[in-house]
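One letter stands for each residue in the lines below.
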Amino acid sequence: MKILLVKQLRIKNFKLIDEAELAFSRVNVLIGPNGSGKSSVLHALNAVRALMPDANGHPKLFLGDAWHSYGDIVYMHDYSRFIVLYVKGALELAKGVKMGYELELKVDSEKGGRSRLKLDVNEEDAWSFENDALSHPVGSGSKRGYEVGGCFVTLEGRYDNPMVSLYRGRRERATLLLREDFSNLLERYVGWCPAFRGKVEHVIPSSPPEPLKVVAGRPELKEELNKLLTEILNFKSKVDIASTVEGGLSLLNVAFRVNVALEAFSMSQLLYMLPLGLALPRGGLLLVEEPEIHLHPAAQARLTESLIKVARERNLQLILTTHSEHILFRVLTLVREGVLPHSELKIHYFERGRDPPKALIEEIKVNERGEMDKGLRGFFEAELDEFERFIRAKARG
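Everything numeric in this text was worked out from a predicted model, so none of it was measured. (Residues numbered from 1 in each chain as written. Predicted model: local features only at pLDDT ≥ 70, side-chain atom pairs only at ≥ 80, totals over all residues. Heavy atoms only, no water.)

## Describing the overall build of the protein chain
Across its full length, the protein chain holds eight helices and 19 strands. Counting every position in the protein chain, which comprises 397 residues, the buried fraction comes to 52%. Sequence separation of at least 24 residues holds for 64% of the intrachain contacts in the protein chain that already meet a minimum separation of 6. Counting only carbon and sulfur atoms, one obtains 49% of the accessible surface of the protein chain, whose full area is about 19000 Å². (Helix = DSSP H or I, 4+ residues; strand = E, 2+ residues; numbered from the N terminus. Buried < 20%, exposed > 50% of the residue type's maximum accessible area, 1.4 Å probe, protein only. Contact = heavy atoms within 4.5 Å. Areas by Shrake-Rupley, 256 points an atom, 1.4 Å probe, with all protein chains shown as cover.)

## Let's talk about helix H6 (residues 297-313)
Taking 1.5 Å of rise per residue, the 17 residues of H6 would be expected to cover 24 Å, and the 25 Å separating its terminal C-alpha atoms lies within 8% of that figure. Buried residues of H6: Ala-299, Gln-300, Ala-301, Leu-303, Thr-304, Ser-306, Leu-307, Ile-308, Val-310 and Ala-311, and no others. Tucked into the core, H6 has its buried residues touching strand S3 (27-31), helix H4 (219-233), helix H5 (265-279), strand S16 (285-289), strand S17 (317-322) and helix H7 (325-336). Immediately downstream of H6, the backbone of Asn-315 shows phi near 55 degrees, a positive value. (Expected span 1.5 Å × (residues − 1).)

## Re the packing of aromatic side chains
In this description, an aromatic ring pair is defined by two values, namely the gap between the centres and the angle between the planes. Under the counting rule described, the total for this entry stands at one aromatic pair. Ring centres 6.1 Å apart and planes at 45 degrees place the aromatic pair Tyr-70 and Tyr-79 in the tilted group. The exposure class assigned to Tyr-79 is partly exposed, which follows from its relative accessible area of 44%. (Phe/Tyr/Trp six-rings, centres within 6.5 Å; stacked < 30°, edge-to-face > 60°.)

## Structural notes on the confidence of the model for the protein chain
Looking at the protein chain as a whole, its pLDDT mean stands at 77, while 67% of the residues score no less than 70. Least confident of the elements in the protein chain is strand S10 (residues 161-168), whose mean pLDDT is 44; most confident is strand S2 (residues 17-23), at 98. Across residues 61-66, confidence stays below pLDDT 50; counting only partners more than four residues off in sequence or on other chains, it has twelve contacts. Here residues 154-179 scores under 50 on pLDDT; set against residues more than four positions off or in separate chains, the count is 85 contacts. (pLDDT = per-residue confidence, 0-100.)

## Let's talk about the nonpolar core
By size, the foremost hydrophobic cluster in this structure holds 51 residues, and its most contacted members are Leu-274, Leu-318, Leu-345 and Ile-347. With eight residues, the single largest contributor to this core is H5. Discounting residues that sit within four places of it in the chain, Leu-318 has contacts with Arg-26, Val-27, Asn-28, Leu-286, Val-288, Leu-307, Ile-308 and Ala-311. Core analysis: the second largest hydrophobic core is formed by 39 residues, Met-99, Leu-105, Leu-186 and Leu-287 among them. (Core = buried A, V, L, I, M, F, W, Y, C linked by side-chain atoms within 4.5 Å.)

## Let's talk about the pattern of salt bridges
Summed over the entire model, instances satisfying the criterion amount to twelve salt bridges. By sharing partners, the salt bridges in this structure join Arg-336, Glu-368, Arg-369 and Glu-371 into a single network. (Salt bridge = Lys/Arg side-chain N within 4 Å of Asp/Glu carboxyl O.)

Given below as structure tokens:
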């Protein structure tokens, strides 16, 4: 059963994107110059989580301290425009149980917004609802769950292992609290790794990142994390993640008996990225902004292969932005080697339009030989210009 958390995304009036529609596959690479709108796509997907109502029915409108107002995220800073985000995909709730969804969020600067959600279980008869404002509870007080295809659905479980219970006929009714659990599902199923990832401290204080806590409590994930670190960095890594008395975490590379905070900066960056993928449930989505940060070119290529390996083994979806030819070439090489089917790869190229400024997005097709139908733009021009400048300087003596 092929399940993609995000199969289709439509964006209108969000950051640099006036209007765009993108289709996604298992592995997705967004390339293009700085300021061309690549990150706007990742931010839009992350915003879907933030715009869903919380357990109290209140919208979580803006993401962190970077966005202080509606004007920070609406296209052209035009308060009169509506932001529209439409996402279509599916969640793997349990083995053999697929919940398809279509979610549309429409937000303005004054009323807050409206949402529309359509759900189905294993593509049977769908159930849909609409609410007047994101700040209002989803559904009515008398019908807080849903029935579809003769099934009643409920969700439970840990961050990394959500479970579904299906009840048929007149057996005990189990309900899915849509305003709480669908929003929480998105929180559990989406791992967001921004370009600014911070630095691992000697001791991570109380309330450490949830994925690190998950890995710390699962010996098999801890072992897999160290295997990935060793493969990517090309030196022995054995990071021990242990709880402190204060409720935080300490990270020690016992291979060298040194705290991770004192190691190469690349190590701390990877320790924010890799646990996200390992802690996600099957069918989850990993969003990575510029994974090449602080990594040697060879390590960038090895990281790419490791991320794709984790995604395919754990049935995850991967969407990343990059300026690195080393990352892109490794993806294409994996297609050529038959490791990554070309049908599981999508590459989108971004350019910044002018008058007015906006993101121009084009899908680049890749065949089974790992060849791109329109070539690779924007990656080698700078190197050729630099080489030409060097030759001219050398010719002048």
